[in-house]
Amino acid sequence: MTFETVVFRYAAITCVTLCTPLNLFTMYVIIAKSPKNLKLYKYVLLNISFWVFVYDVTVGVMLLPMTTPTKPIALYFTGIASFFGPVGGALCAALAVLCISECLAAVLLGFCYRYLALNDDFRIRGWKPEPRHYHYGAAMMIVVPPGAMFAVAVYACSPRETFTKLILNASAEGTNILDSSLLIGPEKEGFVPGSVVLSMYIALWAICLAVCIIGIIGQLRIHRVSMSNFTYGLHIQLIKSLAVQTAAPLILFASPVCVVLVGTVFNLKFLNCIV
């Protein structure tokens, strides 16, 4: 390993070591210390914290992805997943994708909950949903899109031998890393449907998020007169916390992924992407 790789590896391990007790403490506070007036909303917050915790463990312990010194750049795994073989490594990578998708779904669910909590007379073309309909909708939101992302991630994963040959053919020099470490990458046949599903998911997520934010702002303006300063301040704090939780996946996941997808489709060489 190069010096930069060693530094990155131990930095990732340090981050996971520090974040794990904080995530566990956060989940404990949500479960044990949440005020009663939060009701079901604490489970929405718990859902977000849980998937963040699983993602940290998956990436920082199971995968520990590193970049190869080859051009185009590829990733190989140095964590526990390296002992599971290509199939186990691919499943761990797909699990990381599932965690990110669940985080996005959980954040959207939080905004939907805030909007519906403010709009107690929500109707769809005159029809008022019953509580069970909300439960079904929430279950579908946290199961169907992330499940589709997990399936696409597994389908789009190229076999180790195939991707290794692709790297070696594209690179002027071979490396021992490609021969000895777990290496996976995207497959041509799976890249297109994977990109379509991912793009559609992010687009729909962003649209639904915008609709919820507009609805929340509108409801706050309507109910501001009837709210006490404490209640209004509590709603503002919850919205701010959701805004922070929304900015993180947008900056760390959605934006980089969109850049990589566009760069790969248009063959932008500075990204060193190959499919």
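Residues numbered from 1 in each chain as written. Predicted model: local features only at pLDDT ≥ 70, side-chain atom pairs only at ≥ 80, totals over all residues. Heavy atoms only, no water.

Per an unreviewed UniProt entry, the chain carries the name G-protein coupled receptors family 1 profile domain-containing protein and comes from Steinernema hermaphroditum.

1. Let's talk about the UniProt feature "transmembrane region" (unreviewed entry) in the chain
When the UniProt feature table is mapped onto this chain, "transmembrane region" (unreviewed entry) is found at residues 6-31, 43-63, 83-113, 134-156, 198-222 and 242-266. Its end C-alpha atoms 38 Å apart, residues 6-31 is made of 100% helix and 0% strand. Between the C-alpha atoms that bound residues 198-222 the distance is 36 Å, and the span itself is 100% helix and 0% strand. (UniProt positions renumbered as here; feature names shortened; annotations may be inferred. Helix = DSSP H or I, 4+ residues; strand = E, 2+ residues; numbered from the N terminus.)

2. Description of helix 2 (residues 41-63)
Its 23 residues place the ends of helix 2 32 Å apart at the C-alpha level, agreeing with the 33 Å of an ideal helix rising 1.5 Å per residue. Just beyond helix 2, the residue with positive phi is Leu64, at close to 45°. (Expected span 1.5 Å × (residues − 1).)

3. Re a nonpolar patch on the surface
Taken together, the side chains of Val61, Ile80, Phe83 and Phe84 define a hydrophobic patch exposed on the protein surface, amounting to about 400 Å² of accessible area. Inspection of the secondary structure puts Val61 in helix 2. Overall, the relative accessible area of 30% leaves Val61 in the partly exposed class. (Patch = residues over 30% accessible without salt bridge, like charges linked within 9 Å, V, L, I, M, F, W, Y side chains within 5 Å. Areas by Shrake-Rupley, 256 points an atom, 1.4 Å probe, with all protein chains shown as cover. Salt bridge = Lys/Arg side-chain N within 4 Å of Asp/Glu carboxyl O. Buried < 20%, exposed > 50% of the residue type's maximum accessible area, 1.4 Å probe, protein only.)

4. Overview of the confidence of the model for the chain
The predicted model of the chain has a mean per-residue pLDDT of 77, with 73% of residues at 70 or higher. The element-level mean pLDDT for the chain is lowest in helix 6 (residues 176-180), coming to 52, with helix 4 (residues 131-155) highest at 89. (pLDDT = per-residue confidence, 0-100.)

5. Structural notes on the pattern of salt bridges
Per the counting criterion, the structure on display carries three salt bridges. Across the pair Arg132 and Glu130 runs a salt bridge whose closest N-O atoms are separated by 3.0 Å. You can call Glu130 partly exposed: its relative accessible area is 40%. If you follow the salt bridges from partner to partner, you end up with Asp121, Arg123 and Lys128 in one network.

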